[in-house]
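What follows is each chain in one-letter form.
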Number of protein chains: 2
Amino acid sequence: MRDFSRAEKALKAEGLRITRPRLVVYDYLLDNKTHPTCDQIYHSIVNDYPHISFSSVYNVTEKLSNSGLILKLVSPCGEMHYDSTNCFHGHFYCLKCSCVLDLDLPDVKSFYKPISGSTTTSITISAEGICPMCSKNEQVN
Amino acid sequence: MRDFSRAEKALKAEGLRITRPRLVVYDYLLDNKTHPTCDQIYHSIVNDYPHISFSSVYNVTEKLSNSGLILKLVSPCGEMHYDSTNCFHGHFYCLKCSCVLDLDLPDVKSFYKPISGSTTTSITISAEGICPMCSKNEQVN
DNA sequence: TGGGTAAATTATAATCATTCTAAATAAGCA
DNA sequence: TGCTTATTTAGAATGATTATAATTTACCCA
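Residues numbered from 1 in each chain as written. Chains lettered and ligands numbered in written order. Predicted model: local features only at pLDDT ≥ 70, side-chain atom pairs only at ≥ 80, totals over all residues. Heavy atoms only, no water.

> So, the relation of the copies chain B and chain A: which residues are in play, and what are the values?
With an RMSD of 0.1 Å, chain B superimposes on chain A once it is rotated by 180 degrees and translated 0.0 Å along the axis. In the structure described here, the two chain copies are related by an operation that fits a two-fold rotation axis. An overlap of 100% is found between the interface residues of chain B and their copies at the interface of chain A, pointing to a shared contact surface. (Least-squares fit on C-alpha atoms with pLDDT ≥ 70 in both. Contact = heavy atoms within 4.5 Å.)

In structure tokens:
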């Protein structure tokens with residue numbers, strides 16, 4: 001049995017009920033910085049927790065992202081990915097292998113000017129291209 | 001009959017065949033800077049061009065965005081929008097009415113540092129929030 | 001100008017990620 | 001421990017997008 005204390009503490013701090021699907025999904029995200037989709041999360045945890053359902057993974061990621069514990073990212077092809085890091089950074093999406101990598105970026109506030117009369121809740125910076133690993137493989141072939 | 005000369009010229013310049021669906025869809029995008037989805041494009045043009053099919057709208061937007069004539073945008077909820085403007089700018093997505101507005105932004109190159117070994121094909125900056133019109137309506141209610 | 005060929009269009013079916021539904025289960029409080 | 005309500009679950013439904021295969025069209029060239 002894994003140690004879910006960190007996940008449990010965070011859920012409690014947000015006033016969320018402690019349930020097994022939430023612990024398992026959130027702990028997986030805390031441990032894996034690969035920005036998985038719901039499908040990938042499901043297949044990664046279903047061995048250790050055979051009774052989990054797709055619905056639960058969708059429910060849990062929705063709940064956690066609404067609470068601000070995790071980030072919901074949308075890839076250039078419209079797939080939803082989840083990220084347990086909540087400090088600001090950008091994302092790089094590989095067009096070949098669909099991996100998602102973190103980008104270090106300066107504070108956005110320095111150049112972002114909101115549209116007059118609008119309210120901004122989040123800013124996203126992302127890049128598309130070929131990741132280092134795929135670039136390397138291309139040269140070989 | 002509309003004047004499709006601008007659309008026709010652009011298609012020719014890209015070496016693309018001049019077809020009615022392409023002229024109609026591209027001309028619509030040139031005239032409407034509302035960043036519509038394929039569904040919205042279809043419903044906007046079907047009256048003037050009753051025989052157009054959903055497939056054609058999808059095919060045409062795909063072809064035009066691959067050629068660089070139009071931009072394919074993904075909204076925070078994963079919907080695909082299309083934009084005939086091809087100079088760099090950001091986008092603001094309203095969480096209430098789902099409208100998409102243009103954002104003026106400085107040149108990204110000033111702060112973007114690509115991941116070592118990667119190739120970047122495009123950079124995207126977007127913001128989420130409540131647009132000016134929805135903000136105004138909220139205050140009234 | 002007309003015929004040939006490859007490309008594009010069309011209508012329809014299929015796909016697939018996500019959401020919905022309703023019944024069963026479990027969390028957390030008294 | 002029992003109660004109430006939120007959560008989970010399995011399966012069905014949805015809906016945007018993609019695939020298929022037949023028809024039509026664009027455009028090159030004689």
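Once the structure has been displayed, the description carries forward.
> Kindly report on the protein's contact with DNA strand D, identifying the contributing residues and their values.
In the neighbourhood of DNA strand D, 18 residues make up the surrounding shell, with Thr19(A), Arg22(A), Ser56(A), Ile18(B) and Tyr58(B) lying closest. In the environment of DNA strand D, a base oxygen lies 2.9 Å from a nitrogen or oxygen atom belonging to the side chain of Ser55(A). Contact distances for DNA strand D include 3.2 Å between a base nitrogen and a side-chain N or O atom of Ser55(B). When residues of the surface near DNA strand D are traced back to their parent elements, those giving at least two are helix 2 (20-31) and helix 4 (54-67) of chain A together with helix 4 (54-66) of chain B. A per-element tally of the surface near DNA strand D places helix 4 of chain A first, with four residues. Residues belonging to the surface near DNA strand D are distributed by class as follows: six nonpolar, eight polar and four charged. (Near = heavy atom within 4 Å. Polar contact = N/O pair within 3.5 Å; in protein donor to acceptor, adjacent residues only side chain to side chain. Helix = DSSP H or I, 4+ residues; strand = E, 2+ residues; numbered from the N terminus. Nonpolar A, V, L, I, M, F, W, Y, C, P; charged D, E, K, R; others polar.)

> Tell me about the packing of aromatic side chains, and name the residues and values.
Applying the stated criterion to the full structure yields three aromatic pairs over all chains. Measuring from centroid to centroid gives 4.8 Å for Phe111(A) and Phe111(B), while their planes differ by 15 degrees, and the two rings are stacked. Here Phe111(B) lies in the loop between strand 4 (100-103) and strand 5 (119-130) and Phe111(A) lies in the loop between strand 4 (100-103) and strand 5 (119-130), a pairing that spans two chains. A single burial state applies to Phe111(A) and to Phe111(B), both of which are buried. (Phe/Tyr/Trp six-rings, centres within 6.5 Å; stacked < 30°, edge-to-face > 60°. Buried < 20%, exposed > 50% of the residue type's maximum accessible area, 1.4 Å probe, protein only.)

> Summarise unusual backbone geometry; cite the residues concerned and give the values.
Residues and elements named next belong to chain B. Located in the positive-phi region is His 35, a residue other than glycine, with phi close to 55 degrees. Among the structural elements, His 35 can be located in the loop between helix 2 (20-31) and helix 3 (38-45). Overall, the relative accessible area of 3% leaves His 35 in the buried class. Backbone geometry at Ser 98 places phi at a positive 65 degrees, although glycine is not the residue there. In this structure, Ser 98 sits in the loop between strand 3 (90-94) and strand 4. On the basis of relative accessible area, Ser 98 is assigned to the partly exposed category, the value being 42%.

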